[in-house]
Amino acid sequence: MESIKKVMVFGSGPIVIGQAAEFDFSGSQACKALKEEGIYTILVNSNPATIQTDTDMADKVYLEPLHPTIVEKIIEKERPDAILPTMGGQTGLNLALELHRRGILDKYGIKLLGSNIRTIEIAEDRELFAEAMAEINEPVTKCKAVNSVDEAVEFAEEIGYPVIVRPAFTLGGTGGGIAHNKEELIDITSKGLKYSIINQVLIDESVLGWKEFELEVMRDRKDTCIIVCGMENIDPMGIHTGESIVVSPIQTLPDEFYQKLRNAAIKIIRHLGIEGGCNIQFAVNKEMTEYRVIEVNPRVSRSSALASKATGYPIARIAAKIAIGKTLDEILNDVTKETPASFEPTLDYVVVKIPRWPFDKFKTVDKKLGTSMKSTGEVMAIGRSFEEALQKAIRSLDIGRFGIIGDGKDKDYTDEEIEEILKNPTDERIFVIAKALEKGWSVEKIVELTDIDEFFIKKIKNIVDMKKELEKLKEEIKKLNA
Amino acid sequence: MDMEKLKEILLKAKKLGFSDKQIANLLGMDEIEVRDLRKKLNIIPLYKMVDTCAAEFEAKTPYYYSAYETFVYKEQDESNPSDRKKVIIIGSGPIRIGQGIEFDYSSVHAVLALKEMGIEAIIINNNPETVSTDYDTSDKLYFEPITFEEVLNIAEREKEKGELLGVIVQFGGQTAINLAMKLKNAGVNILGTTPENINAAEDREEFSKLLKKLNIPQAEGGTAYTKEEALEIAKRIGYPVLVRPSYVLGGRAMQIVYSEDELIEYMEEAVKVSEEHPVLIDKFLEDAIELDVDAVCDGESVLIGAIMEHIEEAGVHSGDSATVIPPQTLPKEIIDTVIDYTAKLARALNIVGLLNVQYAVKDGVVYVLEANPRASRTVPYVSKSVGIPLAKLATKIMLGKKLEELIKDYDVEKVAEKVWIAKPKYVSIKEAVFPFQKLPGVDPVLGPEMKSTGEAIGIDKDFGRAYYKAQLSANMELPIVGNVFISVRDRDKKHIVDVAKKLHELGFTIYATEGTAKVLRENGIPAILVKKISESPNDNILKLMRDGKMHLIINTSSGKKAKSDGYYIRRAAVDLGIPYITTIPGAKAAVKAIEAVKTGELSVYSLDELDARIKNRF
């Protein structure tokens, strides 16, 4: 590998929904990793609240806008050999693309590390992404942008119902929905086109209700690949992974199907030529006979921060070392200091992640969860069982709850309210499931309404049953004291 | 009752993740009673290691989580408390609006300070995204909920060996502060400002008494337990008033109310007021300049990190307002008064560590709005802007160091006996960043309730360039040429004339709705009339915006609860990515920024250029 002495790292700028503190974490790890390798590190980030922008984190820190005009001035001043954009979230990738499009990378002879322009473009553009997946026979959901009802109907008949309709650019976020048949599609599309500022809607193949899984993959220049972490979204497809309660290790996938996803993930990271970390999202049908590749993020992400903390494997640090040419077998896992980074992590505990929503600050916002992110952050809890980790995660949210049920803060819901929230999830759904079970609703019925795997509903039932046992215990203690 | 059976049930509950609070509620006991019972039955948590390899190899830098086991042997516990002097830092948990990455920053700096002092730094946090839960940040990390039960469990474990000097609550935001008194009552030493003094600043009436005693002005206010009382209080102190409910109905929260009719409407629709849920009413200082001050105190000596002048008008939450260091419009006597009040408050509250004070300046009088004896959201911004790590200094002070000794290496100005202030080298502007793009339907207007998720900075030699960069960092690229749409509420029409005149001089074409256009034309500024949405459903400002004809939107809100034209205009600006401004001061600042950039080049500065004039690097 040619000599690289000076590297510019992009931060992710200010905290926004969908891009939060995890990039301070990954950027800090990356800066430390590069410095360990004797590389002069230049960091650009406009967020003053980050640790990575402390003066001793990188050799040079610019608290400046992550905007191509400004970054070009910094490049002109510092003359880096390479840029590492994959630690700055989507902001970092978009900035790298824009610098490329403006010819700035070529002008200053700058190499991109960790990813390349083609890969970034593929991950960003749905058509390019679908083409790339087709090249390796990996299935994706079909999607098309349409400007008329006729076009929508034509495409829906081609891919089959139900389909998801999403207007492009709407006022007040209205106009989307799920169409189960032609009549519904005509109705939803008509409204969507009307509300869309650019008169366009996206028609998407529906994998609504399917299971969702994520794999964090790592690959080096010698083509060694490992799966760092598998994560299961408790909430089914239809809810953004950032909005889902997530559990690791994967709990409900048979090993043979897990191997299929694993093989697909390795194929994908190899085909895209990614060196470093990568997050891949899959949808799997309930019968576990089919899957779709939903998304590939050729960079560290919020999920990789979660995967790092869940496993103890420092993804960003290792990705940065791979980016400058190191290989997995050459890099030491800093946590054990004995195993090489090519050693796949093993978990002997359960991790649960729950998002933290800002609905207490935006009281008029629609609380329904869906395909776009609304949460501002998340908590992670570790336990010996799913039940324990789930209840600890609920306590960590700092919303005044001390467990999923029985902490004196339970709300009452009518049966109609329960059914509505189970079908159309909000931030309260996890509590509503517990309440439904307490009221005697069957596991089967709850599974049917939520599309959440039976495994998890039964685990929550264990907690609800324990609540009843404690109430019974109270009666016995009362008798004893009488 | 059979104690064995009791133990069996409680242990099973703990293994299923039941907290002491849940068990207490279900058994009709209180949390401490359950805790004592648990201990008597020998049901205590063990700490297990996260090591990436399921114990196949010995881990060097592990972190821990708690679990309950059927059989308890000490050897099963993997946390191995050290024999060192140690301190526990309570982290801030998940990122949410009002408590974000800024507190994590302060926690990490506390760790750095402790390490420099040779003290073992232990963090408790549950946020997987942050640097504070990075495996190589603290000496030890407990990945646990931040609750009284869990923190006390960890403190008790760590006390078993070595010396637990105490717990730091100043860096975990409100989450940690809320635990301070309970922890102290349970025998845990709270480092820094005492829980009693924390309460003195937080308790409304106690704080009010303190201000009177110190002869520091405070905006008039009162607490209303009925609608009639609310009206009476508002009448006595005079409109406008800021109304703050303790129990919220119908999606309404804090609001600025300008008349009795508005207050009646608010009280009847928005809040449930009663003995248990009073409404706080304060005089609203309209057109006041708001200030934030971050300071460090060792109980006696005070260092003022910065006085941050809010760019947004009073009435916008401090976390949502753009702010500038150093102040741009304050006369020296006001600055001297702010310094004096801050020092007095710090000493009176016996602050040991950090203090944030919020002021409003109106007609030459400095009013105190609030004092928070802990890290604030602005600590990292101030630390970066002035080149002094406030959280580190605060931590060392909590461990007994004297401020005067600590600041010897920094270029600070002595302004009074045992009072210093930092000297910023450049103009630093912090701009808030909002989640409106991801929250469809939310009105992006600013008010007294905080809405921002984060912030970004702009640094340059002068205000205009710094503000331009801050907007750029907040994803708002101010145009240098083009068309501007202006539509402001009646109260703002007299202020908008100067803004519009300047924009016109800078070469912009101005579009306005009827009322605003009339005022502009009367002042000699050409304005193209645009129809409101309600006037013409198809040929209105929205069409121009959609067609890409508008490059900047200036629109202030009338504050009416119904969705108005203004709402749709602001919302469209968010959705279409057009730079928009919803306050007059923001518009004035934007004009300065545009002018500065039109007349000169932007430069870039690295952090060590900001630090270059400090005697020693920290």
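All residue numbers here refer to positions counted from 1 along the written sequence of the relevant chain. To read the labels, note that chains go from A and ligands from 1, taken in the order they are written. Owing to the predicted nature of the model, reporting of local features is limited to residues with pLDDT of at least 70; listing and counting of side-chain atom pairs is limited to 80 or more, with chain, interface and lining totals taken over all residues. Hydrogens and water are ignored here; the side-chain numbers use all heavy atoms of the structure.

Caption draft 1: Quick look at the pairing of strand S2 (residues 40-44) of chain A. Residue and element names in this part refer to chain A. Think of it in three bands: with a 1.4 Å probe and only protein chains considered, a residue is buried below 20% of the maximum accessible area for its type, exposed above 50%, and partly exposed in between. The way it works is that DSSP assigns letters per residue, a run of H or I at least four long becomes a helix, a run of E at least two long becomes a strand, and they are numbered from the N terminus. The buried fraction of S2 is high, at four of five residues. Taking the sense of rotation as the criterion, the β-α-β connection linking strand S1 (residues 6-10), helix H1 (residues 22-36) and S2 turns out right-handed. The pairing of S2 with strand S3 (residues 60-62) spans three bridges and is parallel. Within S3, the position partnered with Leu 43 by the bridge is Val 61. A clockwise course of the path from the first strand over the helix to the second, judged with the strands pointing away from the viewer, identifies a crossover as right-handed. In this description, strands pair whenever DSSP reports at least two bridges between them.

Caption draft 2: Expanded view of the UniProt feature "binding site: Mg(2+) 1" in chain A. Residues and elements named next belong to chain A. UniProt annotation of "binding site: Mg(2+) 1" refers to Gln 281 and Glu 295 when read in the numbering used here. Examined against the element boundaries, Gln 281 turns out to sit in strand S13 (residues 276-284). Accessibility expressed as a relative area gives 5% for Gln 281, which makes it buried. Beyond its immediate stretch of four places on either side in the chain, Gln 281 contacts Glu 212, Phe 213, Glu 214, Thr 241, Arg 292, Val 293, Ile 294, Glu 295 and Asn 297. By the criterion applied in these results, polar contacts are pairs of N or O atoms within 3.5 Å in which, for protein atoms, one can donate a hydrogen and the other can accept it, and in which residues neighboring in sequence qualify only through two side-chain atoms. One polar contact links Gln 281 to Asn 279, side chain to side chain, over a distance of 3.3 Å. Here, residues are in contact when the closest pair of their heavy atoms is within 4.5 Å. With residues near it in sequence (within four places) discarded, Glu 295 still touches Phe 129, Asn 279, Ile 280 and Gln 281. UniProt positions are given in the numbering used here, feature names are shortened, and annotations may be inferred rather than shown by experiment.

Caption draft 3: Geometry of the domain arrangement of chain A. All names here are of chain A. Domains are outlined according to an automatic or database domain assignment. On domain assignment, one finds that chain A holds domain 1 (4-112), domain 2 (141-203), domain 3 (207-351) and domain 4 (402-481). Each of domain 1 and domain 3 has a C-alpha centre, and the two are 24 Å apart. Residue-level contacts link 20 residues of domain 1 with 17 residues of domain 3. Across the domain 1 to domain 3 interface the summed buried area is about 1500 Å²; carbon plus sulfur atoms make up 67%. Note on definitions: salt bridges are taken to be side-chain nitrogens of Lys or Arg within 4 Å of carboxyl oxygens of Asp or Glu. Scanning the region where domain 1 abuts domain 3 turns up three salt bridges. Linking domain 1 with domain 3 are three residue pairs in polar contact (both at pLDDT 80 or more). The set of elements that each furnish at least two residues to the side of domain 1 that touches domain 3 consists of H1 and helix H3 (89-101). The greatest single-element share of the side of domain 1 that touches domain 3, amounting to nine residues, is contributed by H1. Charged residues are taken to be Asp, Glu, Lys and Arg, nonpolar residues to be Ala, Val, Leu, Ile, Met, Phe, Trp, Tyr, Cys and Pro, and polar residues to be all remaining types, Gly included. Of the residues belonging to the side of domain 1 that touches domain 3, the class tally is 10 nonpolar, seven polar and three charged. Computed with a 1.4 Å rolling probe, the buried area is the accessible surface lost when two parts are put together, summed over both parts.

Caption draft 4: Summary view of the packing of helix H2 (residues 68-78) of chain A against H3 of chain A. All names here are of chain A. Their axes nearest at 10 Å, the elements H2 and H3 cross at an angle of 75 degrees. When the axis of H2 is compared with that of H3, the two are roughly perpendicular. Contacts between H2 and H3 involve Pro 68, Val 71 and Ile 75 from the first element and Leu 95, Glu 98 and Leu 99 from the second. Split by residue class, the contact of H2 with H3 holds five nonpolar, no polar and one charged. Geometry is summarised by axes, namely lines fitted to C-alpha atoms with helices restricted to the contacting stretch, and by angles between N-to-C directions that run from 0 to 180 degrees. Here is the rule for angles: anything less than 35 degrees is roughly parallel, anything more than 145 is roughly antiparallel, 65 through 115 is roughly perpendicular, and the remaining ranges are oblique.

Caption draft 5: Here's a closer look at the packing of aromatic side chains. Residue and element names in this part refer to chain A. Only the six-membered ring of Trp is used, alongside the rings of Phe and Tyr, when aromatic pairs are assigned; centres must lie within 6.5 Å, and planes under 30 degrees apart are stacked while those over 60 apart are edge-to-face, with the rest tilted. All told, the structure shown has 11 aromatic pairs over all chains when counted by the stated rule. Here Phe 257 and Tyr 291 contribute two aromatic rings whose centre-to-centre distance is 6.2 Å and whose plane-to-plane angle is 90 degrees, an arrangement assigned as edge-to-face. Within this pair, whereas Phe 257 is found in helix H9 (residues 255-271), its partner Tyr 291 is found in strand S14 (residues 291-297), the two being separated by 34 residues in sequence. The exposure classification of Phe 257 matches that of Tyr 291, with both residues buried. For the ring pair Phe 455 and Phe 456, a centre distance of 5.1 Å and an interplane angle of 85 degrees mean the geometry is edge-to-face. Overall, Phe 455 belongs to the partly exposed group, its relative accessible area being 27%. A residue is classified by how much of its surface remains accessible, and Phe 456, at 1% relative accessible area, is buried. The structure contains a cluster of three or more aromatic residues connected by ring pairs, namely Phe 257, Phe 282 and Tyr 291. The criterion for a charge sitting over a ring is simple: Lys NZ or Arg CZ within 6 Å of the ring centre, and within 35 degrees of the ring normal. The side chain of Lys 445 reaches across the aromatic face of Trp 441, ending 5.0 Å from its centre.

Caption draft 6: Fine view of unusual backbone geometry. Here the residue pair Tyr 161 of chain A and Pro 162 of chain A is connected by a cis peptide bond, since its omega of -5 degrees sits within 30 degrees of zero. The topology assignment puts Pro 162 of chain A in the loop between helix H7 (149-159) and strand S7 (163-167). Geometrically, the link from Ser 248 of chain A to Pro 249 of chain A is a cis peptide bond, its omega value of -5 degrees lying close to zero. Note on placement: Pro 249 of chain A falls in the loop between strand S12 (246-248) and H9. Even without being glycine, Asp 451 of chain A reaches a positive phi, approximately 65 degrees. The class of Asp 451 of chain A is partly exposed, set by a relative accessible area of 28%. With phi around 60 degrees, Asn 42 of chain B is a residue other than glycine that occupies positive phi space. By the secondary structure assignment, Asn 42 of chain B is in the loop between helix H3 (31-40) and strand S1 (46-50).

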